[in-house]
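Chain by chain, the residues:
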Amino acid sequence: MNAHELRDKTPDELREQLVQLKKEAFNLRFQAATGQMENTARMRQVRRDVARVKTVLNQKAAQAAAE
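So, how was this worked out
- Residues numbered from 1 in each chain as written.
- Predicted model: local features only at pLDDT ≥ 70, side-chain atom pairs only at ≥ 80, totals over all residues.
- Heavy atoms only, no water.
- Helix = DSSP H or I, 4+ residues; strand = E, 2+ residues; numbered from the N terminus.
- Buried < 20%, exposed > 50% of the residue type's maximum accessible area, 1.4 Å probe, protein only.
- Expected span 1.5 Å × (residues − 1).
- pLDDT = per-residue confidence, 0-100.

**Focus on the overall build of the chain**
Inference 1: Each helix and strand in the chain was counted, giving 3 helices and 0 strands.
Inference 2: Reading the secondary structure of the chain in the N-to-C direction produces α-α-α.
Inference 3: A principal-axis box enclosing the C-alpha atoms of the chain has dimensions of 50 × 15 × 15 Å.
Inference 4: When each of the 67 residues of the chain is scored for burial, the buried share is 21%.

Below you can see the structure in the form of structure tokens.
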């Protein structure tokens, strides 16, 4: 997922994706704690995706406030 894809989505779609990513991060933390995690790099990817979604949401909010 990259920022260009995210900018094409509506704020509601972004919020829904943020919820899904946070659920995935929660599940990955449990897998890491129980030793069942197969792909440790996925935690980093999810964290960065969450940051990307939040950044685009904030940019859209700032743009809407400026108009």
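Now, onward.
**Some points on helix α2 (residues 11-34)**
Inference 1: Compared with an ideal rise of 1.5 Å per residue, which puts 24 residues at 34 Å, α2 spans 35 Å between its outermost C-alpha atoms and is within 8% of the ideal.
Inference 2: Buried residues of α2: L14, Q17, L18, L21, A25 and L28, and no others.
Inference 3: Where α2 ends, the next residue or the one after it, G35, has phi of about 80°, a positive value.

**Looking at the confidence of the model for the chain**
Inference 1: Of the residues in the chain, 100% have a pLDDT of 70 or more, and the chain-wide mean is 95.
Inference 2: Averaged pLDDT values over the elements of the chain bottom out at 93 in helix α1 (residues 3-7) and peak at 97 in α2.

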